[in-house]
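Tertiary structure, described
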Amino acid sequence: MCQVGEDYGDPVPEGPPPPRPGRELRCVKCKDGLPVVVIRAGDAFCRDCFRAFYVHKFRAVLGKNRLIFPGEKVLLAWSGGPSSSSMVWQVLEGLSRDSAKRLRFVPGVVYVDEGAACGQSWENRAKTLAEVKLILRSFGFPWHIVALEEVFTLPPSVLRCSAQEPVGTEGTYKVAVDSFLQQQHTVGGSASPTQQEEQLSQPCTQDPAGPPPAAHIEALSRLFDSVKTLTAKEELLQTLRGHLLLHVARTHGYSKVMTGDSCTRLAIKLMTSLALGRGAFLAWDTGFSDERHGDVVVVRPMREHTLKEVAFYNRLFAVPSIFTPAIDTKAPEKASIHRLMEGFLLRLQAQFPSTVSTVYRTSEKLVKAPRDGCAAGPRCLLCMCSLDVDTAGLCGRGGAMTSGSWGRSCRRTLSLSLLADSATAFGAQTQDFSQTQPPTPLAEAGAAPMPCCSAEVGRAQKCCQSTLLCRREDSQVIEQLCYGCRVNMKDVPSLDSLPPYILAEAQFRSQRPSQDIQEYLVENSDEEVHTTGS
């Protein structure tokens, strides 16, 4: 019989079982070293081979696209996270003397403080900024620290596409490399690296001495607190951050901006953009290069690296990084579309390891529409992409209006079209709605503004209480947005809380005649002017 406390055998050994003799894993690259990282099933790398594999991916993406020219100023967008920290580390090692093929561009680093949007106090933000400065000084690059509150001081010109076209053909790249090498030989082979190091050792050009103005902090907090959903908050934060990075790049003469979007993050972004109605702009949002701004091109050199590879590399080679709470930190999975898509793809990736790569390869097949120039058509006020909606019935293309009467007529047309689609759902009779009289010329001329809807339908539809349709300032912004941005702005109760540069640019565009209207404008000839003058 069994006895309590009786020992029936040896204790179970702790830890993993010893490997079987003759079946020890070896590195798949050198076939000699002991593996320390298993990226995928059967892909085990030793430390040196994994480093060479990781660096080669980064260099291959830059070399294949050939968009960054020698001597060009490149702004590295560093958020403190794993991917952006690994990107800056790759640039740092590529510029060192020990590198086999040194990178030839001149980098700078920018950090955007988003603590106010996340509800952090200034004391916590100051502690984070102190740690950020220590890491930035260790990089040795020129660095810039900007607060998100600075969007309230941006000029409206940030939202205007530059007429300068980016040059990125293979012929021009070879010419630029040849001239750079010729300049090195002319100045002297040993002098050029010294000049580059002196250029990189410049002091920081933008470092906030104290907290942002209290009015800006309050305005930013009020803006994000008024947004109803976390999805709209994340999209708005991404938009404002992009505008701020664009302004810093233009102010300090950077022609390229590098972001640390990894392969996993881009796959999640692709699915999220589809759900948010941004399918027309996937090639710009997830591709290697984004030329929507004209003079500043956004590039994503980390798009071949998965988050797993980035985490292993940062761990093995002690890449410095810092954790900063994001706007979706500790949020549940179903709190936003971004979180939902992230959880969905990562769960599929755990069961089917080729999920992320399949979605990512699909994004590589997307082709951008032919780009005829920045002035070819109207662009979205927020994301600065071409408008993907038919704006013919919304006060002209791009929201351009020539008088206040056009605004009243267009608002009435928009209200009637919306009511026509939902009249049955709210119990209104179609025949009664069809009898609604069109606006008279007297009303269009501004003598007697007509209401946007009838009393009965207005109470059911609540369109008279909607600031997005009946307020002139809000309509000026909405009619100049693409479909995806319009969907996000529905969760913003009042657009008056947006930064002033957005409202100013919307007013400027609404007062400027559109391209379609300019085609019908008749200009006086010289003979007519002479006849009138005589």
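All of the points below concern the structure found in this document. (Residues numbered from 1 in each chain as written. Predicted model: local features only at pLDDT ≥ 70, side-chain atom pairs only at ≥ 80, totals over all residues. Heavy atoms only, no water.)

1. Notes on the pairing of strand β4 (residues 106-113)
Stated formally: A 1.4 Å probe rolled over the protein chains alone gives each residue an accessible area, and that area as a share of the maximum for its type sets the label: buried under 20%, exposed over 50%, partly exposed in between. Per the convention used, a helix needs a DSSP run of H or I reaching at least four residues, while a strand needs a run of E reaching at least two, with both numbered from the N terminus. Note on pairing: DSSP must find at least two bridges between two strands before they are called paired. Handedness rule for crossovers: strands pointing away from the viewer, path from the first strand over the helix to the second running clockwise, crossover right-handed.
In terms of burial, β4 is largely enclosed, as eight of its eight residues are buried. Neither face of β4 is left uncovered, since the one carrying Val106, Gly108, Val110 and Val112 and the one carrying Pro107, Val109, Tyr111 and Asp113 both have all their residues buried. Alignment of strand β3 (residues 73-77) against β4, held across five bridges, turns out to be parallel. Considered in β4, the bridge of Ala77 is made with Val110. Following the chain from β3 across helix α2 (residues 82-94) to the adjacent parallel β4, one finds a crossover that is right-handed.

2. With respect to the side chain of Ser262
As a reminder of what qualifies: Note on definitions: a residue-residue contact is assigned when non-hydrogen atoms from the two residues lie within 4.5 Å.
One can find Ser262 in the loop between β6 (256-258) and α8 (263-275). Residue Ser262 is classed as buried on the basis of its relative accessible area of 1%. Those residues in contact with Ser262 that lie beyond four places of it in its chain are Ser83, Met302, Arg303, His305 and Leu307.

3. Let's talk about unusual backbone geometry
The phi angle at Lys31 is positive, at roughly 60°, despite the residue not being glycine. Counting through the fold element by element, Lys31 comes out in the segment before β1 (37-40). We classify Lys31 as exposed; its relative accessible area is 61%. A positive phi is found at Arg66, a non-glycine position, where the angle reads about 55°. You can see Arg66 is positioned in the loop between α1 (47-65) and β3.

4. Concerning helix α10 (residues 307-316)
Counted only if it meets this: Think of the arc as the fan of directions from the helix axis to the C-beta atoms.
Where α10 is concerned, the buried positions are Glu309, Val310, Tyr313 and Asn314. Down the axis of α10, the smallest arc covering the buried residues is 125°, so these residues share one side. Elements that come into contact with the buried residues of α10 comprise β1, α1 and α2.

5. A word on the environment of Ala232
Mapping Ala232 onto the fold places it in helix α7 (residues 230-251). Overall, Ala232 belongs to the buried group, its relative accessible area being 3%. Residues Ala232 and Val487, 255 residues apart in the sequence, show an inter-C-alpha distance of 8.6 Å. Aside from chain neighbours lying at most four places away, what touches Ala232 is Val227, Asn488 and Asp491.

6. Remarks on the sheet that holds β6
This is how it is decided: Between N-to-C directions, angles cover 0 to 180 degrees, with each direction set by a line fitted to C-alpha atoms, over the stretch in contact for helices.
Reading across the sheet, the six strands line up as β5-β4-β3-β6-β8-β7 and stay open at both edges, with mixed pairing between neighbours. One side of each edge strand has no neighbouring strand; the edge strands of this open sheet are β5 (143-147) and β7 (289-290). Strands β4 and β5 of the sheet are contacted by helix α3 (residues 122-139), whose axis makes an angle of about 165° with β5.

7. Digging into the pattern of salt bridges
What counts, and what does not: A carboxyl oxygen of Asp or Glu within 4 Å of a side-chain nitrogen of Lys or Arg is what we treat as a salt bridge.
According to the stated counting rule, one finds 21 salt bridges in the structure shown. Across the salt bridge formed by Glu309 and Arg40, the nearest N and O atoms sit 3.9 Å from each other. Note that Glu309 is positioned in helix α10 and Arg40 in strand β1, a separation of 269 residues in sequence. Here Asp285 makes a salt bridge to Arg278, at a shortest N to O gap of 3.2 Å. Arg278 matches Asp285 in its accessibility class, with the two residues each being buried. Each of the salt bridges in this network shares a partner with another, and the network as a whole consists of Arg40, Asp43, Lys57 and Glu309.

8. Quick look at helix α12 (residues 355-364)
Residues Thr355, Val356, Val359, Tyr360 and Ser363 constitute the buried set of α12. Along α12, the residues classed as buried sweep out an arc of 125° about the axis, all on the same side. Of the surrounding secondary structure, the elements contacted by the buried residues of α12 are α8, α9 (282-286) and α11 (337-351).

9. Notes on the packing of aromatic side chains
Here is the rule: The pairing test for Phe, Tyr and Trp rings, Trp by its six-membered ring, is centres within 6.5 Å, and the orientation test on the planes gives stacked under 30 degrees, edge-to-face over 60, and tilted for anything in between.
Taken as a whole and judged by the stated rule, the model has seven aromatic pairs. Between Tyr54 and Tyr313 the ring centres are 4.1 Å apart and the planes differ by 5°, which places this aromatic pair in the stacked class. A residue pair is termed long-range when its members are at least 10 positions apart, and Tyr54 in helix α1 and Tyr313 in helix α10 qualify at 259 residues. In this structure, Tyr54 and Tyr313 share a single accessibility class: buried. An angle of 90° between the planes, with centres 5.9 Å apart, marks the rings of Trp78 and Phe139 as edge-to-face. Remark: Phe139 occurs in helix α3 and Trp78 occurs in the loop between β3 and α2; sequence separation between them is 61 residues. The class for Phe139 is buried, based on a relative accessible area of 4%. Of the aromatic side chains, those joined through ring pairs into one cluster are Phe50, Tyr54, Tyr313 and Phe317.

10. So, the nonpolar core
Nonpolar side chains in soluble globular proteins tend to end up buried together. Operational definition: The definition of a nonpolar core used throughout is a set of buried Ala, Val, Leu, Ile, Met, Phe, Trp, Tyr and Cys residues joined through side-chain atoms within 4.5 Å.
Among the nonpolar cores identified, the biggest contains 54 residues, and Leu148, Phe224, Leu240 and Leu481 are the most heavily contacted of them. Those elements that place two or more of their residues in this core are β3, β4, α6 (214-226), α7, α18 (472-478), α19 (483-489) and α20 (500-511). Ranked by residue count, the leading element in this core is α7, at ten residues. Contact partners of Leu481, with chain neighbours within four places excluded, come to Cys380, Leu381, Leu382, Leu387, Val389, Arg486 and Met489.

11. Topic: the environment of Trp143
You can see Trp143 is positioned in strand β5. Measuring from C-alpha to C-alpha, the distance between Trp143 and Tyr111 comes to 7.9 Å, with 32 residues separating the pair along the chain.

12. Quick word on the environment of Leu481
Note that Leu481 resides in the loop between α18 and α19. Its relative accessible area of 0% is what places Leu481 among the buried residues. It is 8.8 Å that separates the C-alpha atoms of Leu481 and Met384, two residues lying 97 residues apart in sequence.

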